Amino acid sequence: MAESSTADFVQPTSFEFDAESNAAIDAVVAKYPPGRQASAVIPLLDLAQRQMQRQTGSAWVPRVAMDTVAKRLSMPPIRVYEVATFYLMFNTRPVGKFHLQLCTTTPCWLRGSDDVVKACHAATGVKHFGETSADGLFTMTEVECLGACVNAPILQVDDDFYEDMDAERTKALIAALRRGERPTPGSTTGRQTSAPEGGATTLTTLEFPASIVATGD
Ligand code: FES
């Protein structure tokens, strides 16, 4: 793949969807009525980013991939650039092998996201948000609410949510990723989904309360 340099990273100068992406694109575009293919811009950008991860190990959308999406959907490139630069889920510059997305919005902050952030800095060597570790393994990004506040604080690694995090569990997760392991996503304290810590406190029996049985209400 030919490449051209920018200030601090290299932009490829060509991009083509591979067979795996093309099969998915056909299915996505078919969901929209004729003439409305531009509605598929977000899924196509996502497919481009996933293909880059398969091919280069870094999940990002280079400018030429945006141009390829624009051509495929018969839309002006600027409209694709607008979408790609608006949504944080699209990386417009290379990221590390593991993309650590740290929620620091109020519920996560109240539940200790500062400790998770510090643990990530210490375990990866990344000094600031937006930077990648020297070994190319980890990029740290600060994100707004990930919609999983009930199990705050949340550390998202690529597509996976790790929940109920603290400093020790963050360091253990990063060590596991370094070893090539992928711990099971979800709550790291063992609770079932977002059930109360310590187990369920309601609906613990199939028996109806006596008062309901007596009145028939
Ligand atoms: S505030 Fe972190 S997931 Fe909502």
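Residues numbered from 1 in each chain as written. Predicted model: local features only at pLDDT ≥ 70, side-chain atom pairs only at ≥ 80, totals over all residues.

Undergrad: Is there a simple way to think about the nonpolar core in this case?
TA: Among soluble globular proteins, nonpolar side chains are generally buried collectively. Leu100, Leu102, Val116, Cys120, Met140, Ile154 and Leu155 are the most contacted members of the largest nonpolar core, which totals 22 residues. Elements supplying a minimum of two residues to this core: β3 (98-103), α6 (113-124), β4 (138-143) and α7 (167-178). Among the elements that line this core, the one with the most residues is α6, at five residues. When near neighbours in sequence (up to four residues on either side) are disregarded, Cys120 contacts Leu100, Leu102, Val126, Met140, Thr170 and Ile174. Counting residues in each nonpolar core, the second largest holds 15 residues, with Ala40, Leu45, Leu47 and Ala59 among its members. (Core = buried A, V, L, I, M, F, W, Y, C linked by C-beta atoms within 7 Å. Buried ≥ 20, exposed ≤ 12 C-beta atoms within 10 Å, placed from the backbone. Helix = DSSP H or I, 4+ residues; strand = E, 2+ residues; numbered from the N terminus. Contact = placed C-beta atoms within 7 Å.)

Undergrad: Looking at this structure, how should I read α6?
TA: Since the α-helix turns once every 3.6 residues, residues separated by three or four places project in the same direction. The end-to-end C-alpha distance of α6 is 16 Å, a good match for the 16 Å that 12 residues give at a rise of 1.5 Å each. Within α6 the residues assigned to the buried category are Ser113, Val116, Val117, Ala119, Cys120, Ala123 and Thr124. Around the axis of α6, the buried residues are gathered within 165 degrees of arc, so they sit on the same side. Packed against the buried residues of α6 are β3, α5 (106-110), β4, β5 (155-157) and α7. Gly125 occupies a position one or two residues after α6 and carries a positive phi of about 85 degrees. (Expected span 1.5 Å × (residues − 1). Arc of directions from axis to C-beta.)

Undergrad: What am I meant to see in α7 here?
TA: For α7, which comprises 12 residues, the first-to-last C-alpha distance of 17 Å matches the rise-based estimate of 16 Å (1.5 Å per residue) to within 8%. Those residues of α7 lying buried are Thr170, Leu173, Ile174 and Leu177. The buried side chains of α7 occupy one side of the element, clustering within an arc of 95 degrees when seen end-on. Opposite its buried face, α7 presents the exposed residues Glu168, Ala175 and Ala176, each directed more than 90 degrees away. Directly beyond the C-terminal end of α7, a positive phi value near 90 degrees is found at Gly180.

Undergrad: Just to check I follow, could you spell out the pairing of strand β6 (residues 160-163) for this structure?
TA: Put simply, side chains in a regular strand alternate between the two faces of the sheet. When β5 meets β6, the two strands line up antiparallel, connected through three bridges. The residue of β6 that forms the bridge with Val157 is Asp160. Between β5 and β6, which pair antiparallel in sequence order, lie two residues; one of them, Asp158, sits at a positive phi of approximately 55 degrees. Note that the unit made of β6, α7 and strand β7 (residues 186-187) has a crossover that is left-handed. (Pairing = 2+ DSSP bridges. Right-handed = clockwise from strand over helix to strand, strands pointing away.)

None of the figures reported here should be taken as evidence of function without further support.
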